[in-house]
Amino acid sequence: MVPYMLFGKVGVGFLRGTQVFNHKQKRNLVNVKLKWVKDRALDAVVTAERDLKAACVLVSIISSSSHGCLPIYHLSCHRGQLNLPYELKVSTFIRRYPSVFLESHVHDSGGTRVPCFSLTPEAIKLHQEESNLVQQNQIDILNRLRKLLMLTRGWKLPLQTIDQLKWDIGLPYDYQHSVIPHHPDLFSFISLPDDRVGLKLLSWDDDLAVSQLQKNSAIQQEKEDMRNGCLAFPIGFTRGFGLKRKCMEWLKEWQSLPYNSPYYDTSHIDPRTDESEKRVVGVFHELLHLTIQKKTERKNVSNLRKPLALPQKFTKVFERHPGIFYISKKCDTQTVILREAYDHQQLLQKHPTAELREKFAMLLRKGLLDRSNGLYKKSPGDVSEVDPLKHNIVDNISDYRSSFKEDSENDLLSEYESDELHNPC
């Protein structure tokens, strides 16, 4: 990846031209399309965590049970939260990772022998570390949730929408019971017009209503830019991107447009202008900064148009600004990554939760490798039990080196012609 660029202060002559340019923006959104170029380093970030979220969700569910062991029919009820491929059974997924899950059997009311899963000592230890981390970072967790709600119109979101983002912003699996009830001065459960349950923030905090770009600008931007509000986003492109001169000039002018804080009302801005687009970019720039690993799946934000007061087709900004956002198409999904947060595959600023997730990912990979080497085969008589999973295990290991399957990269972006495919708020 090439070094980041900040298009900030420019000459007086150029600024005069920019005033005319800004006047035109009141009528038109400049039609510039930048190409998508594969970034292997950021793709590897997504691929390396392919099954991490699903495994951690299962660990949380099993840990919350009274006996620390649950039958497969109970775990299968949570399939919707795991985001597994349709053809993959929950039991098959669990058996891929014997370093995390232990299998035993119980008999149901009809006497049928049913698989039951608990956690290995290593997994229990990591889950306990996670619980301790949650306790130590209560203020950080509260502030992330408060800032998320402060970004929205009316300071409220459906619980369904928060649930889609809770892994990314570092909320505990059971935050509705373990966090919210303990802070009645900050949050309230409400009934939404569509009969869904929502969460509302009860008080505004000016100290929190400062975006990450504004914080960084105090150090990185020149004083004149801060006074006139023309803050620029850090820009970086995949090596060999080859930005055309026309696009370069547009981007420089776009960076010089006023920056509007995502925490304040911008209803006065014409949604058909580049200034409005800069506001949308600012919203997602801030939202990704609220996430633990500065990334989220595109589908997690595709139903945020109304809560965030965004124009139609708002997720197109991810494609129009590949120097700010990278869309990885690995693992049968689209993951939006904030480029400035990474140096190749490494997060520049690691949250303690991100470090713990790295430990968990290592434990998952260890189980895959050990099983593929036959270390979990108890006896020669176990061949029939182990062999059906052999191909799944080998495929899964190779997936960490490449991808779960080769995506149709030319077609994936077209899935998001509409931003309200998933239960609009």
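Every value quoted in this text rests on a predicted model; they were computed, and no experiment measured them. (Residues numbered from 1 in each chain as written. Predicted model: local features only at pLDDT ≥ 70, side-chain atom pairs only at ≥ 80, totals over all residues. Heavy atoms only, no water.)

A. Local environment of the overall build of the protein chain. When helices and strands are tallied, the protein chain shows 17 helices and 11 strands. Among the 425 residues that make up the protein chain, the fraction classed as buried is 52%. A separation threshold of at least 6 residues defines the contact pool for the protein chain, and within that pool the share at least 24 residues apart is 71%. Surface accessibility of the protein chain: about 21,000 Å² in total, with carbon and sulfur atoms responsible for 52%. (Helix = DSSP H or I, 4+ residues; strand = E, 2+ residues; numbered from the N terminus. Buried < 20%, exposed > 50% of the residue type's maximum accessible area, 1.4 Å probe, protein only. Contact = heavy atoms within 4.5 Å. Areas by Shrake-Rupley, 256 points an atom, 1.4 Å probe, with all protein chains shown as cover.)

B. Representation of the pairing of strand β5 (residues 187–191). Both β5 and strand β6 (residues 197–201) contribute to a ladder of 5 bridges, which runs antiparallel. Bridge pairing links Ser191 to Val197 in β6. In textbook terms, the turn of a hairpin is the stretch between consecutive antiparallel strands, and for β5 and β6 this stretch comprises 5 residues, one of which, Asp195, has a positive phi near 75°. (Pairing = 2+ DSSP bridges.)

C. Here's a closer look at the pattern of salt bridges. Scanning the model with the defined rule gives 19 salt bridges in all. The partner of Lys295 in a salt bridge is Glu49, with the nearest N and O atoms 2.9 Å apart. Within this pair, whereas Lys295 is found in strand β7 (residues 295–297), its partner Glu49 is found in the loop between α2 (40–47) and α3 (52–64), the two being separated by 246 residues in sequence. Exposure remark for Lys295: the relative accessible area of 11% places this residue in the buried category. Arg96 serves as the salt-bridge partner of Asp51, at 3.8 Å between the closest nitrogen and oxygen. Here Asp51 is found in the loop between α2 and α3, whereas its partner Arg96 is found in the loop between α6 (90–95) and β2 (101–107), with 45 residues between them in sequence. A single burial state applies to Asp51 and to Arg96, both of which are buried. Through salt bridges with shared partners, one network takes in Arg50, Asp51 and Arg96. (Salt bridge = Lys/Arg side-chain N within 4 Å of Asp/Glu carboxyl O.)

D. Structural context of the packing of aromatic side chains. Tallying each qualifying case throughout the model produces 10 aromatic pairs. With a centroid separation of 5.0 Å and an interplanar angle of 70°, the aromatic rings of Phe284 and Phe318 are classed as edge-to-face. Taken as a pair, Phe284 in helix α14 (residues 274–290) and Phe318 in helix α15 (residues 317–320) lie far apart in primary sequence, 34 residues in all. Taking the relative accessible area as the measure of exposure, Phe284 reaches 1% and is therefore buried. Under the relative-accessibility criterion, Phe318 is labelled buried at 3%. When the centroid spacing of 5.1 Å and the interplanar angle of 80° are considered together, the rings of Phe318 and Phe325 count as edge-to-face. There is no split in this pair, since Phe318 and Phe325 are both buried. Each residue in the set Phe233, Trp250, Trp254 and Tyr259 is aromatic and connected to the rest through ring pairs, giving one cluster. The ring of Trp254 is capped by Lys278, whose NZ or CZ atom sits 5.8 Å from the centre of that ring. (Phe/Tyr/Trp six-rings, centres within 6.5 Å; stacked < 30°, edge-to-face > 60°. Lys NZ or Arg CZ within 6 Å of the ring centre and 35° of its normal.)

E. View of the pairing of β6. Note: strand β4 (residues 156–158) against β6, 3 bridges, orientation antiparallel. Counted as the bridge partner of Lys156 is Lys200 from β6.

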